[in-house]
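Each chain, letter by letter, is given below.
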Amino acid sequence: MGEINEENVPFLGLDEFLEEITDVHENILSYNENLEKIEDIQTKLLKGIGWGQEARKNLANDLDNVIKHNKAIEKTVKSKIKAGYAHNFSSETEETIKQEKLKSMATLMMESVMRYKNMDIHFKDKSKRKLVNAIKITGVKLSEEEIADKIERDDIDSFITASIIQETEEAKQQLGEVKDRHEELKKLEEDIIDLAELYNDMLELVESQGVKINVIEEKIDQTATDIHETVGVLERAKEMYDRALTKKKLLAMIGAALLLILLIIIISASTSGEPIIVVVDGTTNPTTVTEPQACDPSQDPDCVG
């Protein structure tokens, strides 16, 4: 039936965690394969004494072995899922992957456990009817309801032995079947209780993560909102920068034009040899240049021609 890895290895990262999940999934598949074997053996056991006491014991032993293997799988899967939920990843993305994988595995296990429980309940009902019939064959003077009541109260030894008066081979065979079926019934009741507890444990593990999952989803939504708002701020900042840059370029062009005009005036004045008075105000009015009036040397002794 294969080996079961019951080691609880701490998760170091996402890759190691996913390996553990694969191992859990393989265990669940083995568990379901064992359910097929259990169902087959239960069907054979319901056929009664036609198999003979020895054959019934062999079947019962086979059933016990498969059940033990499944119990080991139940323990391993529950332990690994619980350890998985206890491990926290630093990344929200990895944490979300963890939650999804564990919930998926827990759901698969719960479905298998529920199937197993229903199988056992069905087998218990049929086994109980078989046991009632087997007791009636011994000659007990009780109704089916009274026999069923004694079975429920685990009180059959007191009247079965007394009712079998003839120590014949057939009587021994009948008594043996009654006792075997009664033991099988008690084991079934214990298994059904264990399966119900396991199902509830798995359900609590999944439900306990509901708040954490909601918090993670809220953080992811908030992060998306923050990113959207940040992009909006950056776009507005870029628009303001582009406007400032355009204004700066315009001022630089105006300054360059004014400087060019001033240089042209200075160069013109220096090449003519005449003094030029340049008046530049802060407005955009044209520059005013004043030239001296000509003189007559015959009339003005100070005039130089």
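The next subject is the overall build of the protein chain. When you go through the protein chain residue by residue, the secondary structure sums to seven helices and two strands. Starting at the N terminus and walking to the C terminus, you meet the elements of the protein chain as α-α-α-α-α-α-α-β-β. Going through the 305 residues of the protein chain one by one, you find that 31% of them count as buried. Across the protein chain, every contact between residues at least 6 apart in sequence was considered, and the portion connecting residues at least 24 apart equals 73%.

Moving on, we come to the pattern of salt bridges. Side chains that carry opposite charge are capable of pairing whenever their charged atoms lie near each other. A full pass over the atoms with the stated rule returns 11 salt bridges. Among the ionic pairs, Lys-187 bridges to Asp-64, the shortest N-O distance being 3.3 Å. Taken together, the positions of Lys-187 in helix H6 (residues 169-207) and Asp-64 in helix H2 (residues 53-86) put the pair 123 residues apart, joining distant regions of the chain. Judged by relative accessible area, Lys-187 falls into the partly exposed class, the value being 40%. The exposure class of Asp-64 is partly exposed, given its relative accessible area of 23%. Here the residues in one salt-bridge network are Glu-20, Asp-23 and Lys-80, joined through shared partners.

End to end, helix H3 (residues 92-137) covers 67 Å across 46 residues, agreeing with the expected 68 Å (1.5 Å per residue, within 8%). Measuring from the side-chain oxygen of the N-cap residue of H3 to the backbone nitrogen of Thr-93 gives 3.2 Å; that N-cap residue is Ser-91.

Going through the model one piece at a time under the given rule, you end up with two aromatic pairs. Relative to Phe-89, the ring of Phe-17 has its centre 5.8 Å away and its plane inclined at 80°; by these criteria the two rings are edge-to-face. Of the two residues, Phe-17 is situated in helix H1 (residues 14-45) and Phe-89 in the loop between H2 and H3; the sequence distance between them amounts to 72 residues. Residues Tyr-31 and Tyr-116 carry aromatic rings whose centres are separated by 6.1 Å and whose planes lie at 75° to one another, so their mutual orientation is edge-to-face. Here Tyr-116 lies in helix H3 and Tyr-31 lies in helix H1, a separation of 85 residues in the sequence.

Core analysis: the biggest nonpolar cluster contains 35 residues, and Tyr-31, Ile-38, Val-77, Ile-81, Met-109, Tyr-116 and Met-202 have the highest contact counts within it. Secondary-structure elements contributing two or more residues to this core are H1, H2, H3 and H6. Per element, the largest residue contribution to this core is 10 residues, and it comes from H1. If we skip the residues at most four places from it in the chain, Met-109 touches Ile-28, Tyr-31, Glu-74, Val-77, Leu-198 and Met-202. Counting residues in each nonpolar core, the second largest holds seven residues, with Leu-131, Ile-135, Val-140 and Ile-147 among its members.

Here Lys-98 shows up in helix H3. Given the relative accessible area of 0%, Lys-98 is considered buried. Within the local environment of Lys-98, its side chain forms a polar contact with the backbone oxygen of Tyr-85, the two atoms lying 3.5 Å apart. Apart from the residues within four sequence positions on either side, Lys-98 is in contact with Phe-17, Gly-84, Tyr-85, His-87, Asn-88 and Phe-89.

Turning our eyes to something else, we now look at a nonpolar patch on the surface. Residues Leu-250, Leu-251, Ile-254, Leu-258 and Ile-261 make up a contiguous nonpolar surface patch of about 500 Å² in total accessible area. Note that Leu-250 resides in helix H7 (residues 210-272).

H3 packs onto H1 with a crossing angle of 10° between their chain directions and a minimal axis gap of 11 Å. Considered as vectors, H1 and H3 are oriented roughly parallel to each other.

Another aspect to go through is the packing of H3 against helix H4 (residues 144-152). At a minimum axis distance of 10 Å, the contact between H3 and H4 shows a crossing angle of 115°. Two packed elements cross with a definite hand, and for H3 against H4 that hand is right-handed. Between H3 and H4, the residues in contact are Lys-128, Leu-131, Val-132, Ile-135 and Lys-136 and Glu-144, Ile-147, Ala-148, Ile-151 and Glu-152, respectively. Across the contact of H3 with H4, the residue classes tally to six nonpolar, no polar and four charged.

Moving on to the environment of Asn-27. With respect to the secondary-structure elements, Asn-27 resides in helix H1. With 50 residues separating them in the primary sequence, Asn-27 and Val-77 have C-alpha atoms 7.2 Å apart.

Quick look at the environment of Leu-198 now. Relative to the assigned elements, Leu-198 resides in helix H6. Among the residues examined, Leu-198 registers a relative accessible area of 7% and is labelled buried. The sequence separation of Leu-198 and Met-109 amounts to 89 residues, and the corresponding C-alpha distance is 9.6 Å. Residues within four places of Leu-198 in sequence aside, it is in contact with Glu-74, Lys-78, Met-109 and Val-113.

This part covers the side chain of Ser-112. Relative to the assigned elements, Ser-112 resides in helix H3. For Ser-112, a relative accessible area of 4% puts it in the buried group. When near neighbours in sequence (up to four residues on either side) are disregarded, Ser-112 contacts Ile-28, Tyr-31, Asn-32 and Leu-35.

Conventions used here
- Residues numbered from 1 in each chain as written.
- Predicted model: local features only at pLDDT ≥ 70, side-chain atom pairs only at ≥ 80, totals over all residues.
- Heavy atoms only, no water.
- Helix = DSSP H or I, 4+ residues; strand = E, 2+ residues; numbered from the N terminus.
- Buried < 20%, exposed > 50% of the residue type's maximum accessible area, 1.4 Å probe, protein only.
- Contact = heavy atoms within 4.5 Å.
- Salt bridge = Lys/Arg side-chain N within 4 Å of Asp/Glu carboxyl O.
- Expected span 1.5 Å × (residues − 1).
- Polar contact = N/O pair within 3.5 Å; in protein donor to acceptor, adjacent residues only side chain to side chain.
- Phe/Tyr/Trp six-rings, centres within 6.5 Å; stacked < 30°, edge-to-face > 60°.
- Core = buried A, V, L, I, M, F, W, Y, C linked by side-chain atoms within 4.5 Å.
- Patch = residues over 30% accessible without salt bridge, like charges linked within 9 Å, V, L, I, M, F, W, Y side chains within 5 Å.
- Areas by Shrake-Rupley, 256 points an atom, 1.4 Å probe, with all protein chains shown as cover.
- Axes fitted to C-alpha atoms, helices over the stretch in contact; angles between N-to-C directions.
- Parallel < 35°, antiparallel > 145°, perpendicular 65-115°, else oblique.
- Left-handed = near helix turned anticlockwise from the far one by under 90°.
- Nonpolar A, V, L, I, M, F, W, Y, C, P; charged D, E, K, R; others polar.

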